[in-house]
Amino acid sequence: MADPGHAGLRRASFVAGLLDDAVTLPVVGGVGLDPLLGLLPFAGDSVAALCSLYVVFEAWLAGVPRRTLGRMLLYVGIDWAVGSVPVAGDLFDAVFRANRRNVRLFRRHVEGR
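Engineer: Can you break down the overall build of the protein residue by residue, with the values?
Structural biologist: Within the protein, the secondary structure is distributed over six helices and two strands. Listing the helices and strands of the protein from first to last along the sequence gives α-β-β-α-α-α-α-α. Across its three principal directions, the C-alpha atoms of the protein cover 45 × 25 × 20 Å. Here the protein, with 113 residues, has 41% of them falling under the buried criterion. By sequence separation, contacts in the protein at least 24 residues apart represent 61% of the contacts at least 6 residues apart. Just so you have it, the protein exposes about 6500 Å², and 70% of that area is on carbon and sulfur atoms. Here the protein contributes 12 positively and 10 negatively charged side chains, and the mean placements of these two sets differ by 10 Å.

Written as structure tokens, this is what we have:
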């Protein structure tokens, strides 16, 4: 039977990829739905943040420690708050990639067991 932590990590990685680098644009490179949704004032960043919570949820299901979950939630909060700033927030979203950061934290837990 497959380790549920690895399955959750695969699902979280897929969602993070969609949110952080799903589309390749000329000059810019990989951009995900997060900065693109951020172009819609407030609502776009809120929808992206809700989607980002899925990565944290999968980590929670896999037993990631509370301290790490707190750090993951902090990244989502920073991404939402700064991402809500018009124009500059969209650029921040494209560079910060909170979901990829959270997947790295999740991966460390799953592979460190």
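Still to come is the rest of the account.
Engineer: Please provide a residue-by-residue account of the packing of aromatic side chains, values included.
Structural biologist: Applying the stated criterion to the full structure yields three aromatic pairs. Ring-pair connections join several aromatic residues into one group, and the members of that group are Tyr75, Phe92 and Phe96. The ring of Tyr75 has Arg101 lying over it, and the distance from NZ or CZ to the ring centre is 5.7 Å.

Engineer: I'd like a description of a positive patch on the surface, backed by residues and values.
Structural biologist: A surface patch of positive charge is lined by Arg67, Arg71, Arg104 and Arg108. Those elements that place two or more of their residues in the positive patch are helix 4 (66-83) and helix 6 (98-111).

Engineer: Tell me about the side chain of Glu58, residues and numbers included.
Structural biologist: The topology assignment puts Glu58 in helix 3 (residues 43-61). For Glu58, the residues in contact, after removing those within four places along its chain, are Gly8, Arg11, Ala12 and Phe106.

Engineer: Talk me through the environment of Leu33; I want residue IDs and the actual numbers.
Structural biologist: Mapping Leu33 onto the fold places it in helix 2 (residues 33-37). With relative accessibility at 36%, the residue Leu33 sits in the partly exposed group. C-alpha of Leu33 to C-alpha of Ser46: the two residues are 13 residues apart in sequence and 12 Å apart in space. Apart from residues no more than four positions distant in its own chain, Leu33 is found in contact with Leu18 and Leu19.

Engineer: Give a description of the pattern of salt bridges that names residues and reports values.
Structural biologist: Counting across every chain of the model gives four salt bridges. Its salt-bridge partner being Asp21, residue Arg97 comes within 2.8 Å of it at the nearest N-O pair. Remark: Asp21 occurs in helix 1 (residues 4-21) and Arg97 occurs in the loop between helix 5 (88-96) and helix 6; sequence separation between them is 76 residues. Look at Arg97 and you get partly exposed, because its relative accessible area is 22%. Asp21 sits in the partly exposed class, given a relative accessible area of 28%.

Engineer: Residue-level account of the nonpolar core, with values.
Structural biologist: Of all hydrophobic cores here, the largest spans 21 residues; its most connected members are Val55, Ala59, Leu69, Met72, Val103 and Phe106. Here Val55 is in contact with Ala12, Val15, Ala16, Met72, Asn99, Asn102, Val103 and Phe106, once residues within four sequence places are set aside.

Engineer: Quick rundown of helix 3? Include the residues and the values.
Structural biologist: Between the first and last C-alpha of helix 3 there are 27 Å, a value that for 19 residues agrees with the 27 Å anticipated at 1.5 Å per step. Of the positions making up helix 3, those classed as buried are Gly44, Asp45, Ser46, Ala48, Ala49, Ser52, Val55, Val56, Glu58 and Ala59. Note on helix 3: the residue one or two positions beyond its end, Gly63, has a positive phi of about 85°.

Engineer: Hey, could you go over a nonpolar patch on the surface for me, with residue numbers and the actual values?
Structural biologist: A contiguous nonpolar patch, built from Phe14, Leu18, Leu33, Leu36 and Leu39 and spanning about 460 Å² of accessible area, is present on the exposed surface. Topologically, Leu36 is positioned in helix 2. A relative accessible area of 34% means that Leu36 is categorised as partly exposed.

Cut-offs used in this document
Residues numbered from 1 in each chain as written. Predicted model: local features only at pLDDT ≥ 70, side-chain atom pairs only at ≥ 80, totals over all residues. Heavy atoms only, no water. Helix = DSSP H or I, 4+ residues; strand = E, 2+ residues; numbered from the N terminus. Buried < 20%, exposed > 50% of the residue type's maximum accessible area, 1.4 Å probe, protein only. Contact = heavy atoms within 4.5 Å. Areas by Shrake-Rupley, 256 points an atom, 1.4 Å probe, with all protein chains shown as cover. Lys, Arg positive; Asp, Glu negative; His and termini not counted. Charge placed at Lys NZ, Arg CZ, Asp CG, Glu CD. Phe/Tyr/Trp six-rings, centres within 6.5 Å; stacked < 30°, edge-to-face > 60°. Lys NZ or Arg CZ within 6 Å of the ring centre and 35° of its normal. Patch = residues over 30% accessible without salt bridge, like charges linked within 9 Å, V, L, I, M, F, W, Y side chains within 5 Å. Salt bridge = Lys/Arg side-chain N within 4 Å of Asp/Glu carboxyl O. Core = buried A, V, L, I, M, F, W, Y, C linked by side-chain atoms within 4.5 Å. Expected span 1.5 Å × (residues − 1).

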